[in-house]
Amino acid sequence: MRAVEVSLMYDIYFRHDINLLDISWHGLFSGESVAAYARDVKRRFVAEGFSPGYRLRMDMRRSLVQPQDAVAAFREHLGEGLFPRASRIAIVTPSAIAKLQVRREMTQSYLRIFTDAEEAFVWLMEAQPAVA
């Protein structure tokens, strides 16, 4: 696994061998930090040569529930049609409230929420997803 970007707020790993974008969040975002994060992840996605149909694991165990201004900023910068579509999305969080927030904001049929990162990984790798 090769780290492409490491920051205080998040880590981004592009796993070319399995077509996986693996992101871990480490804290609470603000509206401004979401904008910077969105620019960074979009830029790196293109630089890494990823395309629609990749798998995405979002590990939110260390960030939990995001403030409402950050949620609105995520919608504005990374919402529907603003980032290449994944074939499968696994969200990892132990928080019941964070799960509710994710379900409210991310309604993709190809998304599942897990409490364990390894279980999320196994689900992501179960089937060879078709490119979107």
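In this report, the structure presented in the accompanying data block is examined.

The rules we used
- Residues numbered from 1 in each chain as written.
- Predicted model: local features only at pLDDT ≥ 70, side-chain atom pairs only at ≥ 80, totals over all residues.
- Heavy atoms only, no water.
- Buried < 20%, exposed > 50% of the residue type's maximum accessible area, 1.4 Å probe, protein only.
- Helix = DSSP H or I, 4+ residues; strand = E, 2+ residues; numbered from the N terminus.
- Arc of directions from axis to C-beta.
- Contact = heavy atoms within 4.5 Å.
- Pairing = 2+ DSSP bridges.
- Salt bridge = Lys/Arg side-chain N within 4 Å of Asp/Glu carboxyl O.

This brings us to helix α2 (residues 68–78). Every buried residue of α2 is listed here: Ala70, Val71, Ala73 and Phe74. Within α2, the buried residues cover an arc of 160° as seen down the axis, which keeps them to one side. Exposed and oriented more than 90 degrees from the buried face of α2 are Gln68 and Glu76. In this fold, the buried residues of α2 make contact with β3 (20–25), α1 (31–47) and α3 (96–105).

To continue, consider the pairing of strand β6 (residues 111–114). By the bridge criterion, 4 bridges tie strand β5 (residues 88–92) to β6 in an arrangement that is parallel. Residue pairing across strands places Ala90 opposite Arg112, the latter belonging to β6.

Bringing the pattern of salt bridges into the picture now. Summed over all chains, the structure comprises 8 salt bridges. Glu105 serves as the salt-bridge partner of Arg104, at 3.5 Å between the closest nitrogen and oxygen. Since its relative accessible area comes to 48%, Arg104 is described here as partly exposed. Classification of Glu105 as partly exposed rests on a relative accessible area of 30%. Where salt bridges share partners, they join Asp40, Arg43 and Arg44 into one cluster.

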